[in-house]
Amino acid sequence: MTHVYDAVVIAGGAARRLGGTDKPALTVGGRSLLDRVLDACADAARTVVVGPRRPTARPVEWTREEPSGGGPLAALDAGLRRTGRETVLVLSADLPFLTPATVRALLDGAVGAVGAVGAVGTGADGVDGADGVDGAIVDDGRAQPLLGAYRAESLRRELALLAAEHGRLANLPLRLLTDELVLRRVAPAGPDEARDCDTWEDLASARSRIREHGRVLNEWITAAKAELGIDLDVDTAALLDLARDAAHGVARPAAPLTTFLVGYAAARAGGTPEDVAEAARKAAGLARRWAAEAAEAEGDGRSGGTADGGKGTNAG
């Protein structure tokens, strides 16, 4: 199901447990926490980041809460004022492992497209389908309202009521909002997707996690594509096979040079995944032919050496 939505990323806050460090700018796998979150919602019609301006890998709109450092409700209100779609994705900027799969699950849950784990909040009893549901949040054992998709109208209504009741939104707890909403609970697509980075220990753990076997190559390819401004599906296995064939059939330095040439050829041909696959196929075939010739030459050398040696023995 295709969703049209806006995204609000909360990237302010004092990060007290990090000694006041600019948390969204901290890096995991060479990319800032903010950029990693922005990747997960790259298909948003509009992305509004609430917080101080920082360099980002893709264009976003910026705004600030009033007053600065006024807490999540003030930040959410500021971001919401810059959106126009009926559905708004709300994310904190410290989720290094968030992926589009969890974003899709939240958007589906917000409109009742998938079976949710359940619904919580005022009026949750008897909820069926999208009617009466104000949104969906991730629940991985704890509810995470800053990892959710909401009906914008519901957020605007409740924020206005809270502002009227308390005379302000600054420094009010987020639960005052979520307690008034009927929210579906959605399981994250992966076990790490709801992990945030609130402490230096959390950050160290995230940096270690991406280097684990079975994950590091995908993390590296994603980071390299982002750094190079490339949006292309990469058949990692095929390229690794090509590098192996070039290293074994030609020489070790041929591996990186060959994969570079494949990328260059694919770009000249049009830059599609099919162009990459075709260039890799041709280069792999060439590497195998080189390997076959080398094997033949080695075999001929052994045969010639044996025959010559035999003749010499007989002559003696």
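In short, a report on the structure. (Residues numbered from 1 in each chain as written. Predicted model: local features only at pLDDT ≥ 70, side-chain atom pairs only at ≥ 80, totals over all residues. Heavy atoms only, no water.)

Topic: the packing of helix α2 (residues 72–80) against helix α4 (residues 152–166)
Here's step 1: Two numbers describe how α2 lies on α4: the axes approach to 11 Å, and their chain directions differ by 130°. Classified by the angle between their axes, α2 and α4 sit oblique to one another. Between α2 and α4 the crossing geometry is left-handed. Two secondary-structure elements touch here, α2 through Leu73, Leu76, Asp77 and Leu80 and α4 through Ala152, Leu155, Arg156, Leu159 and Leu162. (Axes fitted to C-alpha atoms, helices over the stretch in contact; angles between N-to-C directions. Helix = DSSP H or I, 4+ residues; strand = E, 2+ residues; numbered from the N terminus. Parallel < 35°, antiparallel > 145°, perpendicular 65-115°, else oblique. Left-handed = near helix turned anticlockwise from the far one by under 90°. Contact = heavy atoms within 4.5 Å.)

Topic: empty space enclosed by the protein
Here's step 1: Taken as a whole, this structure holds one cavity of 30 Å³ or more when the rule is applied.
Here's step 2: Along its surface, the largest cavity is lined by Leu76, Val90, Pro145, Leu146, Tyr150, Leu174, Leu177 and Thr178.
Here's step 3: Those elements that place two or more of their residues in the lining of the largest cavity are β9 (143–151) and α5 (175–178).
Here's step 4: No other element matches β9, which puts three residues into the lining of the largest cavity.
Here's step 5: Here the residues of the lining of the largest cavity are counted per class, giving seven nonpolar, one polar and no charged. (1 Å grid on protein atoms, 1.4 Å probe; cavity = no way out; pocket = protein on both sides within 12 Å on 5 of 7 lines; lining within 4 Å. Points joined across faces, edges and corners; volume = space filled by probe spheres on them. Nonpolar A, V, L, I, M, F, W, Y, C, P; charged D, E, K, R; others polar.)

Re the environment of Tyr264
Here's step 1: Among the secondary structure elements, Tyr264 is positioned in helix α9 (residues 254–269).
Here's step 2: Of the residues examined, Tyr264 reaches a relative accessible area of 47% and is grouped as partly exposed. (Buried < 20%, exposed > 50% of the residue type's maximum accessible area, 1.4 Å probe, protein only.)

Some thoughts on the packing of helix α8 (residues 236–249) against α9
In a packed pair of helices, the relevant descriptors are the angle between the two axes and the axis-to-axis distance.
Here's step 1: The contact between α8 and α9 brings their axes to 8 Å, and the two run at 135°. Judged by the inter-axis angle, α8 sits oblique to α9. For the pair α8 and α9, the crossing hand works out as right-handed. Between α8 and α9, the residues in contact are Leu239, Leu242, Ala243, Ala246 and Ala247 and Ala254, Ala255, Thr258, Thr259 and Val262, respectively.
Here's step 2: For the contact of α8 with α9, the class distribution of residues is eight nonpolar, two polar and no charged.

What about the pairing of strand β1 (residues 6–10)?
Here's step 1: Taken across its five residues, β1 has five buried, putting it largely inside the fold.
Here's step 2: Residues Asp6, Val8 and Ile10 line one face of β1 and the alternating positions Ala7 and Val9 line the opposite face, and both faces are buried.
Here's step 3: Strand direction decides the pairing type here: β1 and strand β4 (residues 46–50), joined by five bridges, are parallel. Looking at the pairing, Asp6 lines up with Arg46 of β4.
Here's step 4: Two strands pair when backbone bridges link them, and β1 and strand β6 (residues 87–92) are joined in this way by five bridges, in the parallel orientation. Within β6, the residue paired with Ala7 across the bridge is Leu89. (Pairing = 2+ DSSP bridges.)

Some details on the packing of aromatic side chains
Here's step 1: Applying the stated criterion to the full structure yields one aromatic pair.
Here's step 2: Ring geometry for Phe260 versus Tyr264: centroids 6.3 Å apart, planes at 25°, classification stacked. You can see Phe260 and its partner Tyr264 sitting in helix α9, four residues apart, about one turn around the helix.
Here's step 3: Assessed through its relative accessible area of 54%, Phe260 is described here as exposed. (Phe/Tyr/Trp six-rings, centres within 6.5 Å; stacked < 30°, edge-to-face > 60°.)

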